[in-house]
Amino acid sequence: TIQEIELRKELNTLAKSIGKEVLEGDRQGGGFRVRANELVQAHADMMTREGMQDRHQVEAWDIQLHRGLEHLKQECAQVLLERFEQEASDTKYSETMKEEVRRKLAAPIDYAFENYLYTWKLRLKQAADEQQYFALWDHFKQVMDTHLEKAQHQLSMTEAEAKQLFSQEWEVYEESFKSRLGQVANSRQSIIFKVTELCNTVVSRVAVDKDFALLKEHGSPALSQPTMLQLTNEQWEEQFFDQGWWEKLTNKGKTFLEKGMVVQEITQAFVCSHIIPQMREAVKSLVAGVRDDVVRMDSELSEAMVLEWMRGANSTIFVDVEQALLSEYNITLRRPQVLNALHVAQRVAAVDALAEMEEGRRKEALQHLYDQKQAVESHFLIVVQGTKGDVDCARNFAELYHASIQAWIEHEVTNFAAEVRMTVLNEMPDPSTAGERAFQQSFQARNWEEVLEYCIDVNSYLEKLFLKLFHRRKRGVVDTKLPALEERVRGTYKLLREIPEVWASKEEPNTAKDTIQGTAIPAARTMADTLEVPSDRPAFSVKSFKQFVEAWSKQKDPHTQTLRQVVAGRLPPSANFDIRSPKNFSEAFRNRLMTLFEELQHDAAWLSSKVEKGLHEQSVQAWGMIRGCAARCPLCGSKCDCHGEHEDHQCNHHLFPAFHGWMDRVDGTPSFNYCRSQAASYGTYQCTDGEWRGLDEYLRDSHPSWHKSFVEAKTTTDDETILKAAWMNVRKPLLVYFSPMADSYAEEWEAHVEKTRMLPESALEKAKKTITAIRRRTYVPSDDIPQFHPRGRSTGAPKAKAKAAEVKPISL
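If you're wondering where the values come from, they're calculated on a predicted model, not measured in any experiment.

Calculation criteria
Residues numbered from 1 in each chain as written. Predicted model: local features only at pLDDT ≥ 70, side-chain atom pairs only at ≥ 80, totals over all residues. Heavy atoms only, no water. pLDDT = per-residue confidence, 0-100. Helix = DSSP H or I, 4+ residues; strand = E, 2+ residues; numbered from the N terminus. Contact = heavy atoms within 4.5 Å. Expected span 1.5 Å × (residues − 1). Buried < 20%, exposed > 50% of the residue type's maximum accessible area, 1.4 Å probe, protein only. Axes fitted to C-alpha atoms, helices over the stretch in contact; angles between N-to-C directions. Parallel < 35°, antiparallel > 145°, perpendicular 65-115°, else oblique. Left-handed = near helix turned anticlockwise from the far one by under 90°. Nonpolar A, V, L, I, M, F, W, Y, C, P; charged D, E, K, R; others polar. Polar contact = N/O pair within 3.5 Å; in protein donor to acceptor, adjacent residues only side chain to side chain. Core = buried A, V, L, I, M, F, W, Y, C linked by side-chain atoms within 4.5 Å. Phe/Tyr/Trp six-rings, centres within 6.5 Å; stacked < 30°, edge-to-face > 60°. Lys NZ or Arg CZ within 6 Å of the ring centre and 35° of its normal.

Concerning the confidence of the model for the protein chain
And then number 1: Summary statistics for the protein chain give a mean pLDDT of 77 and a share of 82% for residues scoring 70 or more.
And then number 2: Confidence, read as mean pLDDT per element, is least for strand S8 (residues 806–808) in the protein chain (37) and greatest for helix H15 (residues 448–456) (90).
And then number 3: Predicted confidence for residues 511–538 stays below pLDDT 50, and this span has 39 contacts to residues more than four positions away or in other chains.
And then number 4: Throughout residues 784–812 the model reports pLDDT below 50, and contacts reaching past four residues in sequence, or to other chains, amount to 78 contacts.

Here's the deal with helix H1 (residues 2–24)
And then number 1: The end-to-end C-alpha separation of H1 is 33 Å, in line with the 33 Å expected for 23 residues at 1.5 Å each.
And then number 2: Of the positions making up H1, those classed as buried are Leu7, Leu11, Leu14, Ala15, Ile18, Gly19, Val22 and Leu23.
And then number 3: The first or second residue beyond H1 is glycine 25, which carries a positive phi of 100 degrees.

Considering the environment of proline 781
And then number 1: As for its position among the elements, proline 781 is in the loop between helix H24 (763–775) and S8.
And then number 2: Each C-alpha atom, one on proline 781 and one on leucine 467, is 6.7 Å from the other, the two residues being 314 residues apart in sequence.

A few points about the packing of helix H17 (residues 542–553) against helix H18 (residues 561–569)
And then number 1: For the pair H17 and H18, the least separation of the axes is 8 Å and the interaxial angle reads 155 degrees. With respect to their mutual orientation, H17 and H18 come out roughly antiparallel. H17 and H18 meet at a crossing whose hand is left-handed. Note on element contacts: H18 touches H17 through Gln561, Arg564, Gln565, Val567 and Ala568, opposite Val549, Glu550, Trp552 and Ser553.

Some thoughts on the packing of H15 against H24
And then number 1: One way to put it is that H15 packs onto H24 with a least axis distance of 9 Å and a crossing angle of 60 degrees. Judged by the inter-axis angle, H15 sits oblique to H24. Our pair here, H15 against H24, has a crossing hand that is right-handed. Facing Glu449, Leu452, Glu453 and Ile456 of H15, the residues of H24 in contact are Ala763, Leu764, Lys766, Ala767, Lys768, Thr770 and Ile771.
And then number 2: Classifying every residue of the contact of H15 with H24 gives six nonpolar, one polar and four charged.

A closer look at the side chain of glutamate 450
And then number 1: Inspection of the secondary structure assignment puts glutamate 450 in helix H15.
And then number 2: The exposure class of glutamate 450 is buried, given its relative accessible area of 5%.
And then number 3: Within the structure, glutamate 450 has its side chain in polar contact with the side chain of tyrosine 461 (distance 2.5 Å).

Considerations on the nonpolar core
And then number 1: By size, the foremost hydrophobic cluster in this structure holds 78 residues, and its most contacted members are Phe140, Tyr401, Ile409 and Val549.
And then number 2: Beyond its immediate sequence surroundings of up to four residues, tyrosine 401 is in contact with Leu496, Val549, Val567, Ala568, Arg570, Leu571, Pro572 and Phe589.

Points about the packing of aromatic side chains
And then number 1: Scanning the entire structure with this criterion turns up 34 aromatic pairs.
And then number 2: Three or more aromatic residues link up through ring pairs in this structure, and these residues are Phe439, Phe443, Tyr454, Tyr461, Phe656, Phe659, Phe672, Trp727 and Trp749.
And then number 3: The side chain of lysine 73 reaches across the aromatic face of phenylalanine 113, ending 4.5 Å from its centre.

Here it is as structure tokens:
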């Protein structure tokens with residue numbers, strides 16, 4: 001009734017209001033976001049103070065943070081539930097209404113929890129990169145300082161001798177670095193153990209569920225054996241098909257002949273030549289999805305992820321293979337064998353993806369080491385040769401400082417992208433209503449092109465909506481915050497150019513003026529490397545310059561305090577070489593730094609392009625956090641609305657089964673028995689044993705996790721009207737997609753046709769290209785905001801007469 005609808009809206013609004021207070025905080029204290037941010041920042045500060053030399057300590061911090069965030073999440077979820085029960089105690093809200101809200105109540109907290117975990121992983125990676133950088137320079141700094149100390153800053157070395165010494169030292173360091181990498185890397189065997197333990201935990205937990213009763217636990221050795229994809233077609237036939245399939249197929253052919261139906265020429269090799277190749281493709285697609293999940297979640301496996309893999313395996317075997325492929329030929333599978341083989345193949349795919357990512361991290365670490373080699377060698381040769389003057393040393397030191405600032409900029413860009421991601425995601429709608437948004441922006445908005453994408457793959461379509469929404473909201477945040485980042489970068493380089501002059505004026509009075517105090521610096525003069533200072537003058541060193549920078553950064557200045565700390569914090573590691581003339585050194589340093597900064601600014605969008613790249617990577621990761629359950633209604637293909645772990649699937653907007661490829665198994669008539677309608681129970685559906693039964697038995701047998709959704713469902717007239725209009729305007733490409741579906745509908749539905757906007761058959765290729773791009777992670781939203789074309793709903797159109805028919809799905 002209208003009153004029930006209003007009460008549901010009121011209850012949902014109440015839940016959102018309470019959820020927002022728990023997330024954001026109220027007058028009594030900070031919410032989940034504030035406390036989670038403080039927790040992440042505290043661990044990041046601790047990691048910065050104590051360093052990352054001890055791998056076990058880093059792992060301990062990681063575990064400690066996970067536990068802290070998990071405890072905070074559970075605490076806030078409990079507070080949220082208690083407040084909801086208190087404020088929704090009015091008897092006008094039925095228990096059914098409240099239970100619907102309870103199922104989604106904690107979704108925003110789960111979502112924010114995953115977001116902060118990802119932010120922590122970014123901090124860990126940054127710290128690991130920094131640790132590797134300083135470890136490399138510390139090693140060679142000790143070698144150079146030892147050489148300078150032994151030489152007493154007097155002896156020189158030829159270039160060939162210096163290069164030979166560097167090669168020897170580099171070889172020693174490279175071997176020790178590779179050895180450390182090997183010690184911290186996860187071996188394939190340890191990955192197998194990790195995946196086996198996680199998957200077996202999930203299998204044992206859901207053993208009582210009829211959906212997974214055939215699955216069994218597998219030991220680690222099973223993941224080292226050939227998977228089903230590596231078996232021959234003959235081995236598939238022997239292991240996965242019931243004996244006597246040929247006799248059944250022969251009897252089926254005789255039945256067709258008696259009815260006067262045409263039977264194609266089928267031989268005994270039909271299974272190996274026709275059936276098994278199609279099954280292989282379905283298995284390959286499922287296994288590829290497992291690899292994509294592991295990569296998208298950056299190696300973070302979870303029980304919920306494994307459960308989704310198991311559901312995907314069931315759907316592939318029960319629907320795509322048995323119902324869509326084998327039922328026509330009356331061929332049956334050995335279910336326990338094929339399901340367990342498929343689950344082992346999924347585990348192996350996860351292990352392969354984790355091992356490849358581990359190897360990728362090893363190669364990335366080595367590449368990062370080799371990227372530093374040229375800079376280290378250049379500095380090493382200048383120092384140990386002892387023949388270079390202040391100008392050469394200053395230029396080299398400026399290049400090192402510039403590289404260090406660039407690393408800081410990369411970190412700032414990553415942090416900036418994380419901040420933008422957090423801001424955008426906080427402003428986006430509740431992830432638990434993702435399915436509702438998908439239905440609104442396609443069917444209710446009468447956007448027929450998007451309705452077609454929804455029907456082909458609702459999960460990919462929803463990801464597209466997320467990427468577009470993220471892209472649009474991101475632009476506003478970036479436009480607001482990027483100028484501040486650009487200003488920080490410019491200010492850092494400005495201070496970095498000025499401070500050597502300030503240091504020189506302190507060390508050599510009357511040679512430079514203190515620009516930071518407001519006076520101008522004279523124009524830089526050209527100097528030759530041969531310019532020397534009197535030998536009786538005391539020698540300065542780069543150590544004294546660094547000490548000055550550190551002391552200068554601690555001076556109180558509200559305008560430049562933060563940037564001073566950046567300049568001091570990014571002092572590059574180097575040998576403690578002599579500086580004969582601070583004046584010459586500072587001018588050469590300043591000139592070289594200005595040249596490097598000008599080269600950097602040749603590309604006007606160099607900083608914004610870095611930000612865009614970082615945001616693209618994080619948007620893909622963010623989608624993995626909020627996509628929710630990927631299960632689809634067995635009849636109409638609508639996405640499950642539930643978020644987090646759950647036993648029963650549900651969705652608010654069911655479709656006509658025809659949108660998912662269901663048709664009459666005799667004449668191909670589309671099934672318009674709306675999932676929530678009473679008429680849907682009149683038809684018969686093929687169960688997992690090959691028999692045709694009513695809807696209730698079909699759901700209990702093949703899809704028990706969806707049964708409750710159909711029992712509780714109620715018909716909504718508005719949805720039926722929308723669905724009729726959608727079918728009439730999208731049916732042409734869908735009929736091609738679900739061929740051999742017949743073009744049949746009630747004459748009254750002609751009133752819903754929009755002749756100028758009805759999709760032609762050619763629209764199918766465009767939709768498939770979009771879905772393919774999303775699946776391959778190559779889809780990039782355009783800057784154009786899509787224009788929907790809402791149209792007044794038709795009223796008074798009579799309902800099409802429901803037809804009780806036996807229907808079957810066509811494989812998608």
